[in-house]
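Single-letter residue listing:
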Amino acid sequence: MKTIARFVKDESGATAIEYGLIAACISVAIIAVVQGVGSNLKSTFTSVESALK
């Protein structure tokens, strides 16, 4: 019975899941920022290229 009570009170698995969710949210935010910056850089380089021609 003590083993079952200890297993129910153990929160290390929940902590690992929380860290995984935080990491997933951070990576989604990084991907969104990189895509936004990438499109801005593309338009900047396109305007520089056309100015140099």
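These numbers come from a predicted model, not from an experiment. (Residues numbered from 1 in each chain as written. Predicted model: local features only at pLDDT ≥ 70, side-chain atom pairs only at ≥ 80, totals over all residues. Heavy atoms only, no water.)

**Structural notes on the overall build of the protein**
So, point 1. Scanning the protein for helices and strands turns up two helices and zero strands.
So, point 2. The C-alpha atoms of the protein give 24 Å as radius of gyration, which overshoots the globular expectation for 53 residues (10 Å, by more than 25%).
So, point 3. Projecting the C-alpha coordinates of the protein onto the three principal axes gives extents of approximately 80 × 10 × 5 Å.
So, point 4. Residues counted as buried form 0% of the 53 residues belonging to the protein.
So, point 5. Accessible surface for the protein amounts to roughly 5000 Å². Of this, 71% is attributable to carbon and sulfur atoms.
So, point 6. Mean positive and mean negative side-chain charge positions of the protein (5 and 4 charges, respectively) differ by 4 Å. (Helix = DSSP H or I, 4+ residues; strand = E, 2+ residues; numbered from the N terminus. Rg over C-alpha atoms; globule rule 2.2 N^0.38 Å. Buried < 20%, exposed > 50% of the residue type's maximum accessible area, 1.4 Å probe, protein only. Areas by Shrake-Rupley, 256 points an atom, 1.4 Å probe, with all protein chains shown as cover. Lys, Arg positive; Asp, Glu negative; His and termini not counted. Charge placed at Lys NZ, Arg CZ, Asp CG, Glu CD.)

**Looking at the pattern of salt bridges**
So, point 1. With the rule as written, the count across this model stands at one salt bridge.
So, point 2. A salt bridge links E49 to K53; its shortest N-O distance comes to 3.7 Å.
So, point 3. Its relative accessible area of 44% is what places E49 among the partly exposed residues.
So, point 4. K53 sits in the exposed class, given a relative accessible area of 78%. (Salt bridge = Lys/Arg side-chain N within 4 Å of Asp/Glu carboxyl O.)

**A few points about the environment of T44**
So, point 1. Mapped onto the fold, T44 is located in helix α2 (residues 12–52).
So, point 2. Look at T44 and you get partly exposed, because its relative accessible area is 42%.
So, point 3. In this structure the side chain of T44 is engaged in a polar contact, spanning 2.9 Å, whose partner is the backbone oxygen of N40. (Polar contact = N/O pair within 3.5 Å; in protein donor to acceptor, adjacent residues only side chain to side chain.)

**A few points about a nonpolar patch on the surface**
So, point 1. On the surface, Y19, I22, I26, I30 and V34 cluster together into a nonpolar patch covering about 530 Å² of accessible area.
So, point 2. Tracing the backbone shows V34 in helix α2. (Patch = residues over 30% accessible without salt bridge, like charges linked within 9 Å, V, L, I, M, F, W, Y side chains within 5 Å.)

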